[in-house]
Amino acid sequence: LLIALTAFWAVQAISQESTPNFSGIWKWNPDKSHVSGRPAANRRVKIEQQGSDLTITNRVGSMVGEEFQKFHFTMGSDGNTNEWMGTALKSKAQWKDGALAVESTATMGEGEVHISEAWAVSSDGKTLTYHASRVMGDRPPREDTIVYEKQAEADWEPPQPPKMAEDVFKNIQVFKAPPAPDVLNAMRAFTRALAVKCEFCHVEGAFEKDDKSEKQTARKMILMARG
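A few points on the structure. This is a predicted model, so every value here is computed, not measured. (Residues numbered from 1 in each chain as written. Predicted model: local features only at pLDDT ≥ 70, side-chain atom pairs only at ≥ 80, totals over all residues. Heavy atoms only, no water.)

## Things to note about the environment of glycine 61
Relative to the helices and strands, glycine 61 is located in strand 3 (residues 53-62). In this structure glycine 61 comes out as buried when scored by relative accessible area, which is 14%. In this structure the C-alpha to C-alpha distance between glycine 61 and methionine 75, which are 14 residues apart in sequence, comes to 29 Å. Once residues within four sequence positions are removed from consideration, glycine 61 is found in contact with Ala40, Ala41, Asn42 and Glu66. (Helix = DSSP H or I, 4+ residues; strand = E, 2+ residues; numbered from the N terminus. Buried < 20%, exposed > 50% of the residue type's maximum accessible area, 1.4 Å probe, protein only. Contact = heavy atoms within 4.5 Å.)

If you want it as structure tokens, here you go:
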């Protein structure tokens, strides 16, 4: 019995030593990072780690103001469910080779989205590297790599009021009242419901233009729905 208990605690000690500590507030280094999609002015992440539970809060500052995304994972479970872009994101989270590995799927208008994520902390605990590969429908894979640096005395201040839509978007006519992030969420909901991409209504790279008849029709439909 003594030998068995000794072996058990030895395994537990090794397991605890091999589990990295991600807890803290981290700020991205834009010079060492590569992120596709909408440009960001600032990126921070707050990670709360307690035993097998991790809570990751992403905080991104962009032209529309600050956007928050919060994810909770139980390590070793394939039943993690979080909200992502207005839909359910189902994930399996596990420790793999000293890093956090998360495999997720979600159903969008264009089909299933598959996301592979890896979080790895440096040996000195000062740098956190995040890599994600995302495949959505028939689109080419999207690859992101973000290098975060730990903030010794970080301040996680309350969220700032979001910017209004008319202060951010050019030629906006129907969605003038809501905050800018709400407009983005509405656009994402349209793409999911119609199984289309943004360019179905918008001119790529020039969303303010009214060249496409689908955009004009969308405005009329929104006004009709309001009425």
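Still more to cover.
## A look at the sheet that holds strand 4 (residues 65-74)
Taken in spatial order, the 10 strands line up as 4-3-2-1-10-9-8-7-6-5 in an open sheet, and their pairing is antiparallel. The open sheet is flanked by strand 4 and strand 5 (80-84), the only strands paired with a single partner. Going across the sheet, the axis of each strand differs from the next one's by a mean of 25°, ignoring polarity. Both strand 1 (residues 24-28) and strand 2 (residues 42-50) contribute to a ladder of four bridges, which runs antiparallel. When the sheet's bridge partners are listed, lysine 27 is paired in strand 2 with arginine 44. (Pairing = 2+ DSSP bridges. Axes fitted to C-alpha atoms, helices over the stretch in contact; angles between N-to-C directions.)

## Here's the deal with the environment of methionine 221
Along the chain, methionine 221 falls in helix 4 (residues 213-226). Each C-alpha atom of the pair methionine 221 and proline 158 lies 37 Å from the other, and the pair is 63 residues apart in sequence.

## Comments concerning the pairing of strand 3
Taking burial as the measure, the 10 residues of strand 3 include nine buried ones, the bulk of the element. Hairpin geometry of strand 2 and strand 3 is characterised by an intervening segment of two residues between the two adjacent antiparallel strands and by a positive phi of about 60° at glycine 51. Bridge count for strand 3 against strand 4 is 10 bridges, and the pairing is antiparallel. Bridging from a neighbouring strand, serine 62 pairs with glycine 65 of strand 4. Hairpin connection between strand 3 and strand 4: a loop of two residues separates the two successive antiparallel strands.

## As for the side chain of glutamate 117
Residue position: glutamate 117 is located in strand 8 (residues 111-121). Summary of buried charges: glutamate 117 has no salt-bridge partner, and the nearest side chain of opposite charge, arginine 134, is 6.7 Å away. Of note is the side chain of glutamate 117, whose polar atom sits 2.6 Å from the side chain of tyrosine 130. Excluding anything up to four places from it in sequence, glutamate 117 contacts Leu100, Ala101, Val102, Ser104, Tyr130, His131 and Ala132. (Lys, Arg positive; Asp, Glu negative; His and termini not counted. Salt bridge = Lys/Arg side-chain N within 4 Å of Asp/Glu carboxyl O. Polar contact = N/O pair within 3.5 Å; in protein donor to acceptor, adjacent residues only side chain to side chain.)

## Observations regarding the pattern of salt bridges
Throughout the structure, instances matching the rule amount to eight salt bridges. Between arginine 44 and glutamate 157 there is a salt bridge, and its shortest N-O distance comes to 2.9 Å. Here glutamate 157 lies in the loop between strand 10 (142-150) and helix 2 (165-168) and arginine 44 lies in strand 2, a separation of 113 residues in the sequence. On the basis of relative accessibility, which here comes to 11%, the residue arginine 44 falls in the buried class. On the basis of relative accessible area, glutamate 157 is assigned to the partly exposed category, the value being 23%. The partner of arginine 188 in a salt bridge is glutamate 67, and the shortest N-O contact between them spans 3.9 Å. Of the two residues, arginine 188 sits in helix 3 (residues 180-194) while glutamate 67 sits in strand 4, which places them 121 residues apart along the sequence. Counted as one network, the salt bridges with shared partners bring together Arg44, Arg59, Glu66 and Glu157.

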